[in-house]
Amino acid sequence: MAGSSSEESGVSRSLEGISNGQQMSFEQVENGITSTSQLYWDTDDDDCGMLLLSFYTDDDDCGQKPSELYGKYTWKIDKFSQINKSVLRCNEFEVGGYKWYILMYPRGCDVCNHLSLFLCVANHDSLLPGWSHLAQFTIAVVNKDPKKSKYSDTLHWFWKNEHDWGWKKFLELSKLLDGFVDDDTLIIKVQVQVIRERADRPFRCLDGRYRRELVRVYLSNVEQICRRFVEERRGRLGKLIEDKVRWSSFCNFWLGIDQNSRRRMSREKSDSILKVVVNHFFIEKEVTSTLVMDSLYSGLKALEGQNKSKKAKGKGEMEELPIPVVRMESDTFILVDDVLLLLERAALEPLPPKDEKGPQNHTKVGGSWEDFSKESIERDERRLTELGRRTIEIFVLAHIFSKIEVAYEEAGGTKNAFRPRL
């Protein structure tokens, strides 16, 4: 759904590009892709909705649910060819307790031959000092052929100096007559998801149907981000093990510790680690995504339910589950095996193969769902969960190892040895 080039990346009317680290968009991660899939605001497919709800729950989220912070608005512009104004705005609409409006430049904003569109915070001048709204939003210009409708989306912090955000080159004016302006009417639609982020643990923050649309487009991007993190950590562990002198010294240190101390050092309170996870993937990074946090949320849920699943499932099913690195007991992460074995396994065990069945080809044609079956939904959800679980496990292992490494260094370590920082 994001623009297919950097020129289509979201910008403020007055600011080009990213400013002050406030812009957070998948478009800046992988340059994005343009989605031609019809969004959920155009379907009343109850069976699909029930299937999505079976995967999507926010039972432990505090405050308002994502569905209560989500909304959509349709702007129908009649007699489009007779417009002689340089800028138009729609009526205000409310989403997530805030008022918004769409701003349209029929002949472009600081550009020529393009339709410019922006989402704006209404009455921003009268808001309290220090206000900010984090929102994921999608703007669409509807084509009479649904497959040709143009969608762009982004995630952005709205604040005093960036109270509007969108695309100066949303659509070339020459393309408007190719089904976008029908009977001299232009239809613009917007979806807005206000985000209530959490700093203490991974969170789920998207309305179920809107989330599913983003998953269809961005699952491969989530996979790239998670795999990049895991591969980076694995590479550092691998360098440690390749350093024979240091690895032998570390092994001797670890095996020389009494069993109770090893057991104590192989666990960590989950709260302290999860805060670092959120800081790494959502707060600290300039480029991030709600879906990465969603994947981590699903992975954490899988880890929390791991022990229950083991008790409930039979042996045959157990063998199909991924071999865990950590387990959760109450509010604590615990390594499932000796740290030396887990470090070797994390460094040497190959990652699961990439999902070659990319979700970007899922499209809705007319009134029927193409390649949007129960199987495709289940496959994508399993993938999101496994990516999140694997990422959290490696994060926990690296975090616990870093504390053990400190104890190793304090005990003497090896002088002038290579020390990878995890």
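For clarity, every value in this text was computed on a predicted model and none was experimentally measured.

### Digging into the packing of helix α11 (residues 339-348) against helix α12 (residues 374-410)
Any two packed helices are characterised by how steeply their axes cross, that is the angle between the axes, and by the distance between the axes.
Next up, step 1: Where α11 contacts α12, the axes come no closer than 11 Å and their chain directions differ by 130°. In terms of their interaxial angle, α11 and α12 are classed as oblique. Here the hand of the crossing between α11 and α12 comes out left-handed. Residues Val339, Leu342, Leu343 and Ala346 of α11 lie in contact with α12, whose contacting residues are Ile394, Leu397, Phe401 and Ile404.
Next up, step 2: Tallied by class, the residues present in the contact of α11 with α12 amount to 8 nonpolar, no polar and no charged.

### Examining the pairing of strand β13 (residues 332-335)
Next up, step 1: By the alternation rule, side chains of β13 split into Thr332 and Ile334 and Phe333 and Leu335, which are all buried.
Next up, step 2: Relative to β13, strand β11 (residues 267-269) is paired through 3 bridges, and the arrangement is antiparallel. Pairing of glutamate 268 across the sheet is with phenylalanine 333, part of β13.
Next up, step 3: Looking at chain direction, strand β12 (residues 326-329) and β13 are connected through 4 bridges and run antiparallel.

### Quick look at the side chain of serine 116
Next up, step 1: As for its position among the elements, serine 116 is in strand β6 (residues 114-121).
Next up, step 2: We classify serine 116 as buried; its relative accessible area is 0%.
Next up, step 3: Within the structure, serine 116 has its side chain in polar contact with the backbone oxygen of lysine 168 (distance 2.6 Å).

### Topic: the side chain of aspartate 153
Next up, step 1: On the secondary structure map, aspartate 153 appears in strand β8 (residues 150-159).
Next up, step 2: Of the buried charged residues, aspartate 153 lacks a salt bridge, with lysine 150 as the closest side chain of opposite charge at 10 Å.
Next up, step 3: Side-chain polar atoms of aspartate 153 contact the side chain of tyrosine 218, separated by 3.0 Å.

### Looking at the sheet that holds β13
Next up, step 1: Reading across from one edge, β11-β13-β12 is the order of the 3 strands in this open sheet, with antiparallel pairing throughout. Each end of this open sheet is capped by a strand with a single partner; those strands are β11 and β12. Across this sheet, the average inter-strand angle for adjacent strands is 25°, counted without regard to direction.

### Quick notes on the pairing of strand β9 (residues 164-172)
Next up, step 1: Across the 9 residues of β9, 7 count as buried, placing the element largely inside the fold.
Next up, step 2: Summarising the sheet, β6 and β9 pair through 6 bridges and their orientation is antiparallel. Its bridge partner lying in β9, phenylalanine 118 is registered against glycine 166.

### Remarks on the pattern of salt bridges
Next up, step 1: Summed over all chains, the structure comprises 25 salt bridges.
Next up, step 2: With its nearest N and O atoms 3.9 Å apart, the salt bridge here joins lysine 374 to glutamate 378. Within this pair, lysine 374 and its partner glutamate 378 are both found in helix α12, separated by 4 residues, close to a single helical turn.
Next up, step 3: Linking aspartate 380 and arginine 379 is a salt bridge whose minimum nitrogen-to-oxygen distance equals 3.8 Å. In this structure, aspartate 380 and arginine 379 share a single accessibility class: buried.

### Some details on the nonpolar core
Next up, step 1: Residues Trp247, Phe250, Phe281, Phe333, Leu343 and Ile404 are the most contacted members of the largest nonpolar core, which totals 63 residues.
Next up, step 2: Ranked by residues supplied to this core, first place goes to helix α4 (residues 208-242) with 14 residues.
Next up, step 3: By size, the runner-up hydrophobic cluster in this structure holds 43 residues, among which are Ile83, Phe93, Leu119 and Val141.

### Here's the deal with the environment of isoleucine 392
Next up, step 1: Topologically, isoleucine 392 is positioned in helix α12.
Next up, step 2: As a C-alpha pair, isoleucine 392 and serine 295 span 97 residues in sequence and 9.9 Å in three-dimensional space.

### Considering the packing of aromatic side chains
Next up, step 1: Counted under the stated rule, the structure contains 17 aromatic pairs.
Next up, step 2: Seen in terms of ring centroids, phenylalanine 250 and phenylalanine 253 are 6.3 Å apart; in terms of plane orientation they differ by 45°. Their pairing is tilted. Taken together, the residues span about one helical turn, with phenylalanine 250 and phenylalanine 253 both in helix α5 (residues 244-255) at a distance of 3 residues.
Next up, step 3: Phenylalanine 253 sits in the buried class, given a relative accessible area of 18%.
Next up, step 4: On the numbers, 5.4 Å between centres and 75° between planes, the contact of phenylalanine 250 with tyrosine 408 is edge-to-face.

### Section: the environment of valine 121
Next up, step 1: Within the secondary structure, valine 121 is located in strand β6.
Next up, step 2: For valine 121, a relative accessible area of 2% puts it in the buried group.
Next up, step 3: Each C-alpha atom, one on valine 121 and one on serine 132, is 9.9 Å from the other, the two residues being 11 residues apart in sequence.
Next up, step 4: Aside from chain neighbours lying at most four places away, what touches valine 121 is Lys99, Trp100, Tyr101, Leu127, Trp131, His133, Phe158 and His163.

### Observations concerning unusual backbone geometry
Next up, step 1: The backbone of asparagine 113 shows a phi angle near 65°, a positive value even though the residue is not glycine.
Next up, step 2: Here asparagine 113 shows up in the loop between β5 (98-105) and β6.
Next up, step 3: The class for asparagine 113 is exposed, based on a relative accessible area of 55%.

### Re helix α7 (residues 270-283)
Next up, step 1: With 14 residues, α7 extends 18 Å from end C-alpha to end C-alpha; this agrees with the ideal 20 Å at 1.5 Å per step.
Next up, step 2: Buried within α7 we find Ser270, Ile273, Leu274, Val277, Val278, His280, Phe281 and Phe282. For α7, the arc enclosing every buried residue in end-on projection is 165°, short of the 170-degree limit, so these residues lie on one face.

Conventions used here
- Residues numbered from 1 in each chain as written.
- Predicted model: local features only at pLDDT ≥ 70, side-chain atom pairs only at ≥ 80, totals over all residues.
- Heavy atoms only, no water.
- Axes fitted to C-alpha atoms, helices over the stretch in contact; angles between N-to-C directions.
- Helix = DSSP H or I, 4+ residues; strand = E, 2+ residues; numbered from the N terminus.
- Parallel < 35°, antiparallel > 145°, perpendicular 65-115°, else oblique.
- Left-handed = near helix turned anticlockwise from the far one by under 90°.
- Contact = heavy atoms within 4.5 Å.
- Nonpolar A, V, L, I, M, F, W, Y, C, P; charged D, E, K, R; others polar.
- Buried < 20%, exposed > 50% of the residue type's maximum accessible area, 1.4 Å probe, protein only.
- Pairing = 2+ DSSP bridges.
- Polar contact = N/O pair within 3.5 Å; in protein donor to acceptor, adjacent residues only side chain to side chain.
- Lys, Arg positive; Asp, Glu negative; His and termini not counted.
- Salt bridge = Lys/Arg side-chain N within 4 Å of Asp/Glu carboxyl O.
- Core = buried A, V, L, I, M, F, W, Y, C linked by side-chain atoms within 4.5 Å.
- Phe/Tyr/Trp six-rings, centres within 6.5 Å; stacked < 30°, edge-to-face > 60°.
- Expected span 1.5 Å × (residues − 1).
- Arc of directions from axis to C-beta.

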